Amino acid sequence: MIIWEYVILLVIIGLITYMRKALDLLGSIFMIIMGVIIIFAAGVNWLLLIFLFLILGVGFTRYKHDYKKEIGVYEGTRTIKNVVSNGIVAFVMAAFGNYAGFIGSIATATADTMASEVGVATTPRLITNFKKVPPGTDGGVSVLGTFAGIVGAGLIGLAAYILGIYPDLVRTMVIALVAGTFGCLVDSILGAILEIKGYLTNEHVNLLATLAGALLGNIMVWMIW
């Protein structure tokens, strides 16, 4: 495929996500714009890693969706706020060719999404005091959700290596697992301390968490390798 064919394919995917109500109109348009810039700035493979996050997010959102609807935590159509809060850090990292920050931010977003969507099926505990809280509570964590988050981060690392974003499998996996898990932890802590009190919104927390994952990814490269 030549590059413009990928752009056309991206537009088609954007239309499908809108028609399938995975994203609202503004979210789909913004996703397309970010995707086009990433294609020209970093390459198609970097965009494919973001698509993997989107696919996992949509797929696991539908995990036990009847139960999630019953308890009021089902998140159906995502908005432009979700796209920006989860994707803007990765977008900036890709625009500058920063592979460590790119992998770290996407691993964080994936880990957080999978931890939230899978962990809601169990009774979580608040990360600050480990008291049981209702599913969907900001800052709630569970063993199942944490495991799902680590798996999600690992999938991003493996995919980043396969796509050639970074040629060293071990380093790529370490960045994804460590930065992704750390970012997910930051998300839970901010949720338990600030979001639950109304000082931050979920979008603010997601943005800060992905930024934390990107920063740790870079720190690991600068200080260790």
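Calculation criteria
- Residues numbered from 1 in each chain as written.
- Predicted model: local features only at pLDDT ≥ 70, side-chain atom pairs only at ≥ 80, totals over all residues.
- Heavy atoms only, no water.
- Helix = DSSP H or I, 4+ residues; strand = E, 2+ residues; numbered from the N terminus.
- Rg over C-alpha atoms; globule rule 2.2 N^0.38 Å.
- Buried < 20%, exposed > 50% of the residue type's maximum accessible area, 1.4 Å probe, protein only.
- Contact = heavy atoms within 4.5 Å.
- Areas by Shrake-Rupley, 256 points an atom, 1.4 Å probe, with all protein chains shown as cover.
- Lys, Arg positive; Asp, Glu negative; His and termini not counted.
- Charge placed at Lys NZ, Arg CZ, Asp CG, Glu CD.
- Patch = residues over 30% accessible without salt bridge, like charges linked within 9 Å, V, L, I, M, F, W, Y side chains within 5 Å.
- Salt bridge = Lys/Arg side-chain N within 4 Å of Asp/Glu carboxyl O.
- Phe/Tyr/Trp six-rings, centres within 6.5 Å; stacked < 30°, edge-to-face > 60°.
- UniProt positions renumbered as here; feature names shortened; annotations may be inferred.

## Some words on the overall build of the chain
A tally of regular secondary structure across the chain gives nine helices and two strands. When the helices and strands of the chain are listed from N to C terminus, the series reads α-α-α-α-α-α-β-β-α-α-α. Computed over the C-alpha atoms, the radius of gyration of the chain is 17 Å, within 12% of the 17 Å expected from 2.2 N^0.38 for a compact globule of 225 residues. Oriented by its inertia axes, the alpha-carbon framework of the chain measures out at about 55 × 45 × 30 Å. In the chain, buried positions account for 46% of the 225 residues. Within the chain, contacts between residues at least 6 apart in sequence are counted, and of these 69% link residues at least 24 apart. Within the structure as shown, the chain displays about 11100 Å² of accessible surface, and the carbon and sulfur contribution to it stands at 70%. When the 13 basic and 12 acidic side-chain charges of the chain are each reduced to a single mean position, those positions are 6 Å apart.

## Thoughts on a nonpolar patch on the surface
Residues V11, L15, Y18, M19, L25, L26, I29, I33 and I37 make up a contiguous nonpolar surface patch of roughly 840 Å² in combined accessible area. In terms of residue count, the dominant contributor to the nonpolar patch is helix α2 (residues 25–41) (five residues). Along the chain, M19 falls in helix α1 (residues 3–19). With relative accessibility at 65%, the residue M19 sits in the exposed group.

## Side note on the packing of aromatic side chains
Scanning the entire structure with this criterion turns up three aromatic pairs. Consider the rings of W46 and F102, whose centres lie 4.8 Å apart with planes at 35°: the pair is tilted. Of this pair, W46 sits in helix α3 (residues 44–61) while F102 sits in helix α6 (residues 99–119), and the two are 56 residues apart along the sequence. The class of W46 is buried, set by a relative accessible area of 11%. Owing to a relative accessible area of 0%, F102 belongs among the buried residues under this scheme.

## Digging into the UniProt feature "transmembrane region" (unreviewed entry) in the chain
UniProt tags residues 7–23, 29–60, 141–166, 172–193 and 205–224 as "transmembrane region" (unreviewed entry). For residues 29–60, helix accounts for 94% and strand for 0%, while the C-alpha atoms at its two ends are 23 Å apart. In this annotation, residues 141–166 is assigned 77% helix and 4% strand; the end-to-end C-alpha distance for the span is 31 Å.

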